[in-house]
Amino acid sequence: MDRATILIPAAMNPLVTEGLSSRFELIRLDGAPDKEKLLAEAAPRIRGIACGGHAKVDAALIDRLPKLEIVSNFGVGYDAVDARHAATRGILVTNTPDVLTEEVADTAFGLLLMTVRELSAAERWVRSGKWLDKPYPLTPTTLRDRTLGIVGLGRIGLAIARRAEAFGVKVAYHNRRPSPDVAYDYYPDVLSLAAAVDTLMIVVPGGDATKHLVGREVLEALGPKGVLINIGRGSVVDEKALVEALRSGTIHSAGLDVFEEEPCFPQELASFERVVLLPHVGSGSIHTRNRMAQLVVDNLVSWFETGKPLTPVAETPFPR
Ligand code: NDP
């Protein structure tokens, strides 16, 4: 195999760099004393990118790399990569689906339970010694008799729905199109779904198409017993509208793993005892992150060894 040159724009899981270093020349911008100089020197020979997290692979970067063939993204969400622009240049984008599905669904369901049963606040009660004075108050919310509206019934959404069924929780959903494989009630828009349920689980991708899909109107439709869980992307929820809805009692509570401007978030969110905040840990176990790292490596190796990617995204299908 050719020793192709791969750009790594930002720090990644060490298994990615370990897995790639014996087969490829790696250009690692993270920690480089003069990133711009390094990139300018290597740009003409870069044929692949390994990226993830918030490192942007935008049109400007893609267009600086005349020999670019493939962008291998760490994560199933690839909103930081301009995949549409890559498609116009015949460049493939790959992501890491399936290997993280069950982990993220576990986290989502844990976050749901933590939120409806106030488990974070109850734990703080024990640690602060308040339990010595009095028992923790009974929670006004419970999973019992709830209906879970899943926005994004894809791989992870379906895995969450399976968990909900096992817990005796009714499921409804919204996608752009109804899924022929499920019997759950389908709603053609988020507003009608929110009006029909009391618990909304966001599992859609980020990007322009889903920006602020959940705003003031949707939160009003969800109502005063409503619980919002966001495990998808922070950009899907209008955080200002959410803070206002929590402050005014428009909805009851929220559990959030993702935020609009991570790692920052509106400080007022932290002032609501009932709200549960997680630092984007949906897939964050060593087991699952290692599997994701391996798939980033495998996509690049497969492309450069066999001419086929393993998991191309919808915007850059293969064969083309
Ligand atoms: P899938 O592609 O399998 O599912 C996405 C679902 O969203 C599909 O059902 C799709 O249905 C629906 N959807 C997409 N766009 C829209 C839209 N504009 N409006 C309404 N529905 C839409 O992806 P996964 O389930 O594997 O992952 C989902 C997302 O979860 C990722 O993109 C990522 O953002 C997030 N995620 C978060 C993690 C975390 O750590 N918190 C970890 C992993 C993933 P249809 O096409 O019919 O609309």
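Since we're looking at a predicted model, the values are computed, not measured.

Undergrad: Report on helix α1 (residues 14-21), specifying residues and quantitative values.
TA: Looking only at α1, the buried set comprises Val16, Thr17, Gly19 and Leu20. In a view along the axis of α1, the buried residues occupy a sector of 165°, so they form one face of it. Among the exposed residues of α1, those oriented more than 90 degrees off its buried face are Pro14 and Glu18. Packing partners of the buried residues in α1 comprise β1 (5-8), β2 (25-28), β3 (46-52), β4 (70-74) and α11 (286-306). For α1, the N-terminal cap is Asn13; the gap from its side-chain oxygen to the backbone nitrogen of Leu15 is 2.8 Å.

Undergrad: Could you give me a rundown of the sheet that holds strand β7 (residues 170-174), with the residues and numbers involved?
TA: Taken in spatial order, the 7 strands make up an open sheet running β8-β7-β6-β9-β10-β11-β12, and their pairing is parallel. Taken across any chain shown, the strands that pair with only one partner, and hence form the sheet edges, are β8 (185-186) and β12 (276-277).

Undergrad: Residue-level account of the site of the ligand, with values.
TA: In the vicinity of the ligand lie 25 residues, with Arg155, Ile156, Arg176, Ile231 and Asp257 positioned nearest. Between an oxygen atom of the ligand and a main-chain N or O atom of Gly154, the distance comes to 3.1 Å. Separating an oxygen atom of the ligand from a side-chain N or O atom of Arg176 is a distance of 2.7 Å. Burial of the ligand by the surrounding chains reaches 87%, relative to a free accessible area of 920 Å². Considered class by class, the residues forming the shell around the ligand number 10 nonpolar, 10 polar and 5 charged.

Undergrad: An account of the domain arrangement of the protein chain is needed here, citing residue identities and associated values.
TA: Partitioning the protein chain into domains gives domain 1 (5-99 + 287-306) and domain 2 (101-277). Of note, the centres of domain 1 and domain 2, computed from C-alpha atoms alone, are 32 Å apart. Counting residues at the interface gives 9 residues for domain 1 and 8 residues for domain 2. Buried surface at the junction of domain 1 and domain 2, both sides included, amounts to about 660 Å², of which 43% is carbon and sulfur. Contact with domain 2 buries area across many residues of domain 1, yet His54, Asp79 and Asp98 alone supply 55% of it, more than any other trio. Scanning the region where domain 1 abuts domain 2 turns up 1 salt bridge. Between Asp79 and Arg233 there is a salt bridge whose closest N-O contact spans 3.1 Å. If you look at where domain 1 meets domain 2, you find 4 residue pairs in polar contact (both at pLDDT 80 or more). Tallied by class, the residues present in the side of domain 1 that touches domain 2 amount to 3 nonpolar, 4 polar and 2 charged.

Parameters and conventions
- The numbers attached to residues start from 1 for each chain and follow its sequence in the written order.
- With pLDDT at 70 or above as the cut-off, local features in this predicted model cover only qualifying residues; side-chain atom pairs require 80 or more to be listed or tallied, and sums for whole chains, interfaces and linings still use all residues.
- To obtain the side-chain values, all non-hydrogen atoms of the structure were included, while hydrogens and water were left out.
- With a 1.4 Å probe rolled over the protein chains alone, any residue whose accessible area is under 20% of its type maximum counts as buried; one over 50% counts as exposed, and the rest are partly exposed.
- A run of H or I in DSSP becomes a helix once it reaches four residues, and a run of E becomes a strand once it reaches two; helices and strands are each numbered from the N terminus.
- Comment: arc refers to directions from the helix axis out to C-beta atoms.
- Residues count as neighbours in contact if any of their non-hydrogen atoms are within 4.5 Å of one another.
- Each polar contact in these results corresponds to two N or O atoms within 3.5 Å; when the atoms are within protein, one needs to be able to donate a hydrogen and the other to accept it, and residues that are neighboring in sequence are counted only if both atoms are side-chain atoms.
- The pairing criterion is simple: DSSP has to find at least two bridges between the two strands.
- Here, proximity means that at least one heavy atom of the residue falls within 4 Å of the molecule or strand.
- Using the Shrake-Rupley algorithm and a 1.4 Å probe, accessible areas are obtained, with residue cover drawn only from the displayed protein chains.
- Each residue gets one label: Ala, Val, Leu, Ile, Met, Phe, Trp, Tyr, Cys and Pro are nonpolar, Asp, Glu, Lys and Arg are charged, and the others, such as Gly, are polar.
- Here the limits of each domain have been adopted from an automatic or database domain assignment.
- As used here, buried area is the combined drop in accessible area, with a 1.4 Å probe, of two parts when they are placed together.
- Throughout this description, the term salt bridge denotes a Lys or Arg side-chain nitrogen within 4 Å of a carboxyl oxygen of Asp or Glu.

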